[in-house]
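Inside the fold
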Amino acid sequence: MTRLTGSALRVTVFVGENDIWHHKPLYTEIVHRAHRAGLAGASVFRGIEGFGASSLIHTSRLLSLSEDLPVAIVIVDTEERVRGFLPQLDELVTEGLVILDDCEVIRYVGRDEKSGKTGVKGKKSL
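Not measured: the values here are computed from a predicted model.

Let us now look at the pattern of salt bridges. As enumerated under the stated definition, the model contains eight salt bridges in all. For arginine 46, the salt bridge is made with glutamate 17, and the minimal N-O distance between the two is 2.6 Å. On the criterion of sequence distance, the pair formed by arginine 46 in strand E4 (residues 41-46) and glutamate 17 in the loop between strand E1 (6-16) and strand E2 (20-21) is long-range, its members being 29 residues apart. A relative accessible area of 19% places glutamate 17 in the buried class. Where glutamate 29 meets arginine 33, a salt bridge forms, and the shortest distance between an N and an O atom there is 2.8 Å.

Shown next as structure tokens:
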């Protein structure tokens, strides 16, 4: 299990929900590559409204515009590991936005694979 506390780097990738990489969603490819690279974690968040470089507003409120909602993929790990992953993002993200933020990891606890419980008795992780 990866251990992570203290200073870290967060990379956030903003793409469209319909962006594709080799016949599957781009966000799926990014998450799977981050996993294969051994990064500490990745999550995908679907936006309900937004616009980007094209200036087209995408929203879940209007059926005609809800076809390509914004998606954010957030990955956190040490600066060295995140920066080592950036060339893969450069290959994958042809349209979108990639940002880096310094952050501090307060707590990073996984589940016990056998029991499904968190690492601290009686408490769930944040």
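The rest of the description comes next.
This part covers the nonpolar core. Grouped together as the largest cluster of nonpolar side chains are 17 residues, with contacts concentrated most on Val13, Val15, Ile30, Ile73 and Ile75. Where this core is concerned, the elements lending two or more residues are E1, helix H1 (26-36), strand E7 (70-77) and helix H2 (79-92). When neighbours within four sequence positions are excluded, valine 13 is seen to be in contact with Ile30, Val71, Ala72, Ile73, Leu89, Val93, Leu97 and Val98.

With that settled, consider the confidence of the model for the protein. Of all residues in the protein, 81% attain a pLDDT of 70 or more, and the chain-wide mean is 85. Here strand E6 (residues 58-59) stands out as the least confident element of the protein, with mean pLDDT 71; H1 is the most confident, with 98. Taken as a whole, residues 120-126 scores under 50 in pLDDT and shows eight contacts with residues more than four places along the chain or in a different chain.

Two strands pair when backbone bridges link them, and E1 and E7 are joined in this way by eight bridges, in the antiparallel orientation. Directly across from arginine 10, in E7, lies its bridge partner valine 76. Taken together, the six bridges between E4 and E7 define a ladder with antiparallel strand orientation. Across the sheet, the residue bridging to valine 44 is isoleucine 73, located in E7.

Calculation rules
- Residues numbered from 1 in each chain as written.
- Predicted model: local features only at pLDDT ≥ 70, side-chain atom pairs only at ≥ 80, totals over all residues.
- Heavy atoms only, no water.
- Salt bridge = Lys/Arg side-chain N within 4 Å of Asp/Glu carboxyl O.
- Helix = DSSP H or I, 4+ residues; strand = E, 2+ residues; numbered from the N terminus.
- Buried < 20%, exposed > 50% of the residue type's maximum accessible area, 1.4 Å probe, protein only.
- Core = buried A, V, L, I, M, F, W, Y, C linked by side-chain atoms within 4.5 Å.
- Contact = heavy atoms within 4.5 Å.
- pLDDT = per-residue confidence, 0-100.
- Pairing = 2+ DSSP bridges.

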